[in-house]
Amino acid sequence: MNTAVLRTEARLLAREPGSLFWILAFPPLLLVILGSVPAFREPQDALGGLRVVDTYVPVTVLVGLIVAGVQAMPAGLTGYREHGILRRMATTPVRPSALLSAQMLVHAVAAVLSALLTLTVGRVLSDVHLPRQPFGYLLALLLAVLAALALGSLISAVSPTVKVAGAVGTVVFFPMLFCAGVWLPVPSMPDLMADIVVLTPFGAAARALGDATAGDWPGWADLGVMAGWAVLLSGAAARWFRWE
Amino acid sequence: MSVIEVTDLRKSYGGRPVVDGVSFTVEEGEIFGILGPNGAGKTTTVECVEGLRVPDAGRVRVAGLDPVADHDRLTRVLGAQLQEGRLQEKLTVGEALRLYAALHPAPADWRPLAERLGLTARLDTRFGKLSGGQKQRLFIALALVGDPRVVVLDELTTGLDPRARRDTWRLVEEVRDSGVTVLLVTHFMEEAQRLCDRVAVIDQGRIAALDTPAGLIRRSAGATVITFTPSAPLDERELNALPGLASISHKDGRITLAGGDETVNAVIGLLARHRVTAHHLRVGDATLDDAYLDLTETTS
């Protein structure tokens, strides 16, 4: 990791209003909108006494993370290869991998910031309690970030151009949102569907974050699913990534 | 003293040889040109020198370093301006210079460098807003900011207008005068003739010729060009039989002959024998352009 490269990447991300909006502003905004629907603020017996807005906090946390990993980062990385920026870096004493790790780190930080913002908005505006098992929550969040970055790296590895990366990112984006529970939070899903969804990285993440919010240590199965996907996807990305 | 030594370099892509036994040496303080048609293997050759590609066979040394095995040390002595490179659209000129200076352990001071390249007024301009000439000057600055001994410039002036091209040439001469050895890839003859101390003409992966620009012109079959409009038609067979003739062409009644000194004398004799007057007679030296066409024609 090179600090000059990292500083530059952070500054460049700060100049991308589109990425900033979808990563940092959109998820808390979504929670504000859901929280303003009166019916969503009523405890539901079907949800074990939780309100709909409570079940959507892990979902919106994951939305920011999925946007950062699957939409913003692959376009950036692929552009760096397509435009010869990785090659130019290869002619300097600093390895081009410094650019990749800087890209991953700034997007990871943006995703975590987005999660903190969402939790704060939920706490302040909708009276959603903060995670009662903070360490378990943090662990689940970090594993989810790793899985999102690994998925983004794989998209960038298999996409020859920025356009392709954008298209592949969008194709992957909606199923990931579904698994995270955007249309139906995992606790509300029919059993069979939930059983399948928690085998995907963000389905497992949604349930793990929900458990940690309620005060339980996240299930090892869910943590294992996320870790497994992170290893598998980053291995595939490393295998197929081309520097030019 | 040789700074770059390339010996029997070979590189194939998918079984097709792109560089097929190229050898040359570049002396310290020289501007060495690599000239050739598109797809001749110029860029692949310099990419092996830059350590961006691994040769299939042959030996490359830059300041005694193997560009692949000693890549880290190579990047401290060699700066590269790449063909068709870009930077991040929203990175400013000043940020790019500071960043690339920070990537080197002992960089040049980027401020006087920016001044020399006429970038001082553009330090806060984003890369995406620069003109083609400004982008090229920035790339030269980035190639020089590590304070290298050797700089590789690949298709430096492609896409520039004539004035920006001439400004860039002056800059390359200044770079050389400051003691940096320059390896210049180009397909502009005028550029090679103006800048290079020596030129290697690469065609189909091999060196077709290697000499000074003047030497290349002398060596080519048609070093002298004669043009005239005859007052009466001349016998085609007699023209073709002229001694030392390299080529002949007709256009709108005007004849252009390329050949040597003996061709000039023979044409004058021929005209006198037939009492034909040569209107607008011009005799001149061939340019590198002519020599290049001659060289690349004979090998293809």
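Computed from a predicted model, the values in this text were never measured in an experiment.

**Student:** Just to check I follow, could you spell out the overall build of chain A for this structure?
**Tutor:** Within chain A, the secondary structure is distributed over 10 helices and zero strands. The order of helices and strands in chain A, counted from the N terminus, is α-α-α-α-α-α-α-α-α-α. Here the C-alpha radius of gyration of chain A, 18 Å, is about what a compact globule of 244 residues would show, namely 18 Å. Overall, chain A is about 60 × 35 × 30 Å in size when its C-alpha atoms are taken along their principal axes. Expressed as a percentage of the 244 residues in chain A, the buried residues total 50%. In chain A, 77% of the contacts between residues at least 6 apart in sequence involve partners at least 24 apart.

**Student:** What exactly am I supposed to notice about helix H9 (residues 201-214) of chain A here?
**Tutor:** Owing to its 3.6 residues per turn, the α-helix aligns residues three or four sequence positions apart on the same side. All names here are of chain A. Helix length check: H9 (14 residues) gives 20 Å between terminal C-alpha atoms against 20 Å at 1.5 Å per residue, within 8%. Among the 14 residues of H9, 13 are classified as buried, and the element is accordingly described as predominantly covered. Of the residues one or two after H9, Gly215 is the one with positive phi, at around 110 degrees.

**Student:** Hey, could you run me through the environment of Ala106(B) in this one?
**Tutor:** Residues and elements named next belong to chain B. Tracing the backbone through its elements, the reader meets Ala106 in the loop between helix H3 (93-102) and helix H4 (110-116). Classification of Ala106 by C-beta neighbours within 10 Å gives exposed; the count is 8. Distance in space between the C-alpha atoms of Ala106 and Ala164 is 30 Å, their sequence separation being 58 residues.

**Student:** How should I be thinking about the interface of chain A and chain B in this particular structure?
**Tutor:** A common way to express how large an interface is: the accessible area buried when the components associate. Contact with chain A, which involves 14 residues of that partner, is made by 22 residues of chain B. Secondary structure elements with two or more residues in the side of chain A that touches chain B: helix H1 (3-14) and helix H4 (85-90) of chain A. Here the element with the most residues in the side of chain A that touches chain B is H4(A); it accounts for four residues.

**Student:** Just to check I follow, could you spell out the sheet that holds strand E10 (residues 224-230) of chain B for this structure?
**Tutor:** Consider a sheet: its strands pair through backbone hydrogen bonds, and that pairing is either parallel or antiparallel. All names here are of chain B. One open sheet holds the four strands; their spatial order is E11-E12-E10-E13, and the pairing between them is antiparallel. Only two strands of the sheet have a single partner each, and these edge strands are strand E11 (247-251) and strand E13 (278-285). The mean inter-strand angle of the sheet, taken between neighbouring strand axes irrespective of direction, is 15 degrees. Bridge count between E10 and strand E12 (residues 254-259): five bridges; the pairing is antiparallel. By the bridge assignment, Thr224 is partnered in E12 with Gly259.

**Student:** Whenever I open this one, the sheet that holds strand E2 (residues 16-27) of chain B confuses me. Can you help?
**Tutor:** Residue and element names in this part refer to chain B. Spatial ordering of the open sheet is given by E2-E1-E4, a layout of three strands whose pairing is antiparallel. The open sheet has two free edges, formed respectively by E2 and strand E4 (57-62), since each of these has just one partner strand. Sheet twist, expressed as the mean angle between neighbouring strand axes with direction ignored, is 15 degrees. As paired strands, strand E1 (residues 2-13) and E4 are joined by five bridges and run antiparallel to one another. What sits directly across from Arg10, in E4, is Ala57. Contacts from helix H1 (residues 42-50) reach E1, E2 and E4, with the element oriented near 120 degrees to E1.

**Student:** Looking at this structure, how should I read unusual backbone geometry?
**Tutor:** Where the residue is not glycine, phi is negative for most of them; where a peptide bond is considered, it is trans in most cases. Notably, Asp127(A) is not glycine yet its phi reads approximately 60 degrees, a positive angle. A positive phi angle, near 50 degrees, is found at His280(B), a position not held by glycine. One can find His280(B) in strand E13.

**Student:** Can you help me understand the packing of helix H5 (residues 97-126) of chain A against helix H6 (residues 134-158) of chain A in this one?
**Tutor:** Packed helices, taken two at a time, are described by the angle between their axes plus the distance between the axes. Residues and elements named next belong to chain A. Orientation of H5 relative to H6, taken along the N-to-C sense of each, is 135 degrees, at an axis distance of 10 Å. Classified by the angle their axes make, H5 and H6 are oblique. Relative to H6, H5 is oriented so that their crossing is right-handed. Residues Met104, His107, Ala108, Ala111, Val112 and Ala115 of H5 form the contact with H6, whose own contacting residues are Leu141, Val145, Ala148 and Leu149. Class assignment of the residues belonging to the contact of H5 with H6 gives a composition of nine nonpolar, one polar and no charged.

What counts as what
Residues numbered from 1 in each chain as written. Chains lettered and ligands numbered in written order. Predicted model: local features only at pLDDT ≥ 70, side-chain atom pairs only at ≥ 80, totals over all residues. Helix = DSSP H or I, 4+ residues; strand = E, 2+ residues; numbered from the N terminus. Rg over C-alpha atoms; globule rule 2.2 N^0.38 Å. Buried ≥ 20, exposed ≤ 12 C-beta atoms within 10 Å, placed from the backbone. Contact = placed C-beta atoms within 7 Å. Expected span 1.5 Å × (residues − 1). Pairing = 2+ DSSP bridges. Axes fitted to C-alpha atoms, helices over the stretch in contact; angles between N-to-C directions. Parallel < 35°, antiparallel > 145°, perpendicular 65-115°, else oblique. Left-handed = near helix turned anticlockwise from the far one by under 90°. Nonpolar A, V, L, I, M, F, W, Y, C, P; charged D, E, K, R; others polar.

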